[in-house]
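Here is how the chains run, residue by residue.
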Amino acid sequence: QVQLVESGGGLVQPGGSLRLSCAASGFTFSRYAMSWYRQAPGKERELVATITSAGRSTIYTDSMKGRFTISRDNAKNTVYLQMSSLKPDDTAVYYCNAFGVAGIQDAGMNYWGKGTLVTVSS
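In short, a report on the structure.

## With respect to the packing of aromatic side chains
Throughout the structure, instances matching the rule amount to five aromatic pairs. When the ring of Phe27 is compared with that of Tyr111, the centres are 5.4 Å apart and the planes differ by 40°; the resulting orientation is tilted. Of this pair, Phe27 sits in the loop between β3 (18-25) and β4 (32-39) while Tyr111 is found in strand β10 (residues 110-112), placing the two residues 84 residues apart along the sequence. Here the two residues Phe27 and Tyr111 agree in accessibility, since each one is buried. Site record: aromatic cluster; members linked through ring pairs are Phe27, Phe29, Tyr32 and Tyr111. Positioned over the ring face of Tyr95 is Arg45, at 3.8 Å from the centre of the ring. The side chain of Arg72 reaches across the aromatic face of Phe29, ending 4.3 Å from its centre.

The rules behind each value
- Residues numbered from 1 in each chain as written.
- Predicted model: local features only at pLDDT ≥ 70, side-chain atom pairs only at ≥ 80, totals over all residues.
- Heavy atoms only, no water.
- Phe/Tyr/Trp six-rings, centres within 6.5 Å; stacked < 30°, edge-to-face > 60°.
- Helix = DSSP H or I, 4+ residues; strand = E, 2+ residues; numbered from the N terminus.
- Buried < 20%, exposed > 50% of the residue type's maximum accessible area, 1.4 Å probe, protein only.
- Lys NZ or Arg CZ within 6 Å of the ring centre and 35° of its normal.

So this is what it looks like as C-alpha cells:
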C-alpha cells in the first residue's frame, strides 16, 4: 500500500523556520522524483520544489528560491522541506508528491500525501 505521510507543519511566527518531512512507503522511493506542493485557502495548488530521484538536482518556484530547501534521504525513504524566513503568504497546506521516473511499473505513477498545514502568523 502506497503511503506518503507528511509531518512537521504547525504555527510559526513570520520570519521563523520550519522543516517538513514526508515519509514514503509501499513503492521504490529511489525511482521517484519527489516534490512539495502547497495550496493556500481559496487558491490553486502550486509547485514549491522538486528533487530528482537520486537527489542530484532541484527545482524551485521563484518565490521560494533562497528561502526553501528540498532534500531527500533515499536510505530513509524520506523527503524534506526546510523553510526559512517564512511569511504570512506561505500559509497553506503543504503536500508531498511522488512521480515515477524509472522502472516499467513505476514510470508515470503519481502519488500524493494528505498534506500538513503550515500557518505563518504572529
